[in-house]
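Coordinate analysis (summary)
Here is how the chains run, residue by residue.
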Amino acid sequence: MQVMDAAFDPAFGEAWNRRQISDALLLPSTHALLVDAKGGAITEDADVAPAGFVLSRHAADEEELLLIAVRPEHRAQGLGRALIDHLLWAAARRGVTRVFLEMRRGNPAIHLYRKLGFEPIGERPNYYSSSDGSRIDAITFGRAL
């Protein structure tokens, strides 16, 4: 939750709350990776500050990237790419053939997603609500493994 609170701008309402994260992690199809500032995986007993995480879930041969976050002070250092690379590697090991994600229009992460082979496949008009009441489209991306 420390990473979530630091990484997501509250103006866009994209962050999940503790209950949503806890409920997702109870499902056997949900996968998470928490990393330190050097991109090393953090285990439960580690005494190190988290810098980023990725959360995904799979069904059959598809995987959905649910959340990815990197603390602002650790951005532009390759952690986002490392998290997605790990997700793609782990998904392939589970037999996944296609990975999906959704983001709000205007999210600067689009550049990273495109570099990693994700292509837009759909839109959801007015999907997100911002704190000022305006609506923002969601863009769905897909990538074959």
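Below is a short write-up of the structure. Since the structure is predicted, the reported quantities are computational estimates derived from the model, not experimental observations.

A few words now on the layout of surface pockets. Taken as a whole, the largest pocket spans an internal volume of roughly 1,100 Å³. As for the largest pocket, its lining consists of 37 residues, and the residues nearest its centre are Phe8, Ile68, Asn107, Ala109 and Tyr113. Among the secondary structure elements, those contributing two or more residues to the lining of the largest pocket are strand E3 (62–70), helix H3 (79–93), strand E4 (98–104), helix H4 (110–115) and strand E5 (119–129). Among the elements that make up the lining of the largest pocket, the one with the highest residue count is E3 (seven residues). Classifying every residue of the lining of the largest pocket by side-chain character gives 20 nonpolar, seven polar and ten charged. Reported here for the second largest pocket is a volume of approximately 400 Å³. Lining the second largest pocket are 18 residues, with Met1, Ile21, Leu25, Leu34 and Phe53 positioned closest to its centre. Only helix H1 (2–7), helix H2 (18–26), strand E1 (30–35) and strand E2 (52–59) provide two or more residues apiece to the lining of the second largest pocket. With four residues, H2 is the largest single contributor of residues to the lining of the second largest pocket.

Attention now goes to the nonpolar core. Ranked by internal contacts, the top residues of the largest apolar core, which has 22 residues, are Ile84 and Phe118. Among the secondary structure elements, those contributing two or more residues to this core are E1, E3, H3, E4 and strand E6 (135–144). In terms of residue count, the dominant contributor to this core is H3 (six residues). Each residue touching Ile84, except ones within four places of it in the same chain, is listed here: Leu65, Ile68, Leu112, Tyr113, Leu116 and Phe118. Formed by ten residues, the second largest nonpolar core is a distinct cluster that contains Ala7, Ile21, Leu66 and Leu67.

Okay, the sheet that holds E3 next. Pairing in this open sheet of six strands is mixed, and the strands run E1-E2-E3-E4-E6-E5 from one edge to the other. The sheet terminates laterally at E1 and E5, the two strands that pair on one side only. When strand polarity is set aside, the average angle formed by the axes of neighbouring strands in this sheet is 25°. Sheet contacts for H2: E1, E2 and E3; angle to E1, the most-contacted strand, approximately 120°. Of the strands in this sheet, E1, E2, E3, E4 and E6 are in contact with H3, which crosses E3 at around 160°.

Here is what the cut-offs are and how they apply
- Residues numbered from 1 in each chain as written.
- Predicted model: local features only at pLDDT ≥ 70, side-chain atom pairs only at ≥ 80, totals over all residues.
- Heavy atoms only, no water.
- 1 Å grid on protein atoms, 1.4 Å probe; cavity = no way out; pocket = protein on both sides within 12 Å on 5 of 7 lines; lining within 4 Å.
- Points joined across faces, edges and corners; volume = space filled by probe spheres on them.
- Helix = DSSP H or I, 4+ residues; strand = E, 2+ residues; numbered from the N terminus.
- Nonpolar A, V, L, I, M, F, W, Y, C, P; charged D, E, K, R; others polar.
- Core = buried A, V, L, I, M, F, W, Y, C linked by side-chain atoms within 4.5 Å.
- Buried < 20%, exposed > 50% of the residue type's maximum accessible area, 1.4 Å probe, protein only.
- Contact = heavy atoms within 4.5 Å.
- Pairing = 2+ DSSP bridges.
- Axes fitted to C-alpha atoms, helices over the stretch in contact; angles between N-to-C directions.

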